[in-house]
Amino acid sequence: MRVFAGRGSSGVRGIRLAEGDRVISLAVLNHVEATVEERAAYLRMANAKRRAENAADTEDDADITVVDADEDEAAGGTEALTPERFAQLQAAEEVLLIVSDGGFGRRSSAYDYRVSGRGGQGITNMTFSANKRGTEVAATLPVLPGTDVMLVTDAGRLIRVPVDQVRIMARQASGVTLLRLNDAERITSVFPVMDDGEDEAGEAEDAAPQTPDDGAGSAP
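In what follows, the accompanying structure is described.

A short note on the overall build of the chain
Secondary structure assignment for the chain yields four helices and seven strands. Beginning at the N terminus, the succession of helices and strands in the chain can be written as α-α-α-β-β-β-β-β-β-β-α. Counting only residues that meet the buried cut, the chain has 30% of its 220 residues in that class. Summarising the internal contacts of the chain: among those between residues at least 6 apart in sequence, 75% fall at separations of at least 24. Accessible surface computed for the chain: about 14600 Å², of which carbon and sulfur atoms make up 50%.

Thoughts on the pattern of salt bridges
Enumeration according to the criterion identifies five salt bridges in this entry. Of the charged contacts in the structure, one is a salt bridge between Arg160 and Asp148, with a shortest N-O distance of 2.8 Å. With Arg160 in strand E5 (residues 158-162) and Asp148 in strand E4 (residues 148-153), this pair connects stretches of sequence that are twelve residues apart. On the basis of relative accessible area, Arg160 is assigned to the partly exposed category, the value being 38%. For the salt bridge of Glu185 with Arg157, the shortest nitrogen-to-oxygen distance reads 2.9 Å. Placement of Glu185 in the loop between strand E6 (176-177) and strand E7 (187-193) and of Arg157 in the loop between E4 and E5 is noted, with a sequence separation of 28 residues between them. Judged by relative accessible area, Glu185 falls into the buried class, the value being 3%.

Examining the nonpolar core
Counting 19 residues, the largest nonpolar core has Leu97, Val99, Val143, Val149, Leu151, Ile187 and Val190 as the members making the most contacts within it. Among the elements of the structure, strand E1 (95-100), strand E3 (137-143), E4 and E7 are those that each provide at least two residues to this core. Dropping the residues within four chain positions of it, Leu151 is found in contact with Val99, Arg157, Leu158, Ile159, Val161, Leu178, Leu179, Ile187, Ser189 and Val190. The next biggest cluster of nonpolar side chains, apart from the first, holds eight residues, and it includes Ala41, Leu43, Ala46 and Leu81.

Conventions used here
Residues numbered from 1 in each chain as written. Predicted model: local features only at pLDDT ≥ 70, side-chain atom pairs only at ≥ 80, totals over all residues. Heavy atoms only, no water. Helix = DSSP H or I, 4+ residues; strand = E, 2+ residues; numbered from the N terminus. Buried < 20%, exposed > 50% of the residue type's maximum accessible area, 1.4 Å probe, protein only. Contact = heavy atoms within 4.5 Å. Areas by Shrake-Rupley, 256 points an atom, 1.4 Å probe, with all protein chains shown as cover. Salt bridge = Lys/Arg side-chain N within 4 Å of Asp/Glu carboxyl O. Core = buried A, V, L, I, M, F, W, Y, C linked by side-chain atoms within 4.5 Å.

Bear in mind that shape data such as this cannot, by itself, settle questions of function.
The following block contains the structure:
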């Protein structure tokens, strides 16, 4: 990205939009020096590790669209990472939350998004295989483990969802149901919610039983 001297400059092209497309958000990620083969190998190893950890997961897979096998093979090869390199990439990994206007969403590793030069047409961020899952992306933003996100609809409803409950999936997947919408209802905004625990602590103090005062001034 070019640095301009003038504050009012319109800048340079970041992405070349197709007819009907528009930019809805921007997220800043830390750059990680890793080859295409390393990123693909990390994603395979991380997915295998997650499958092993969540072997008992019974979530309905009917809402999941998997990435095309040919594309996955072309992007990855068969290279394996050393435990040290895997740990390095894992420590630097960032995760994105992608939500459609139809109430579906998923998390994806930032390694699943290749670094491109400015002015390109971009890559697929979500596949819409059915209208019930939405017609456009409502939000794409980085999220941290242990945080919540708030989904707001144009009908005045909202829901607070822990990001840890949103499955990590491949970049082109349409995701799983985050909020069941009524007919014609759409997600309009998504934003993170930071919880410091003070409210819960305050509620616990308010709910604690009060011990009667045994002093001289107490009522009989």
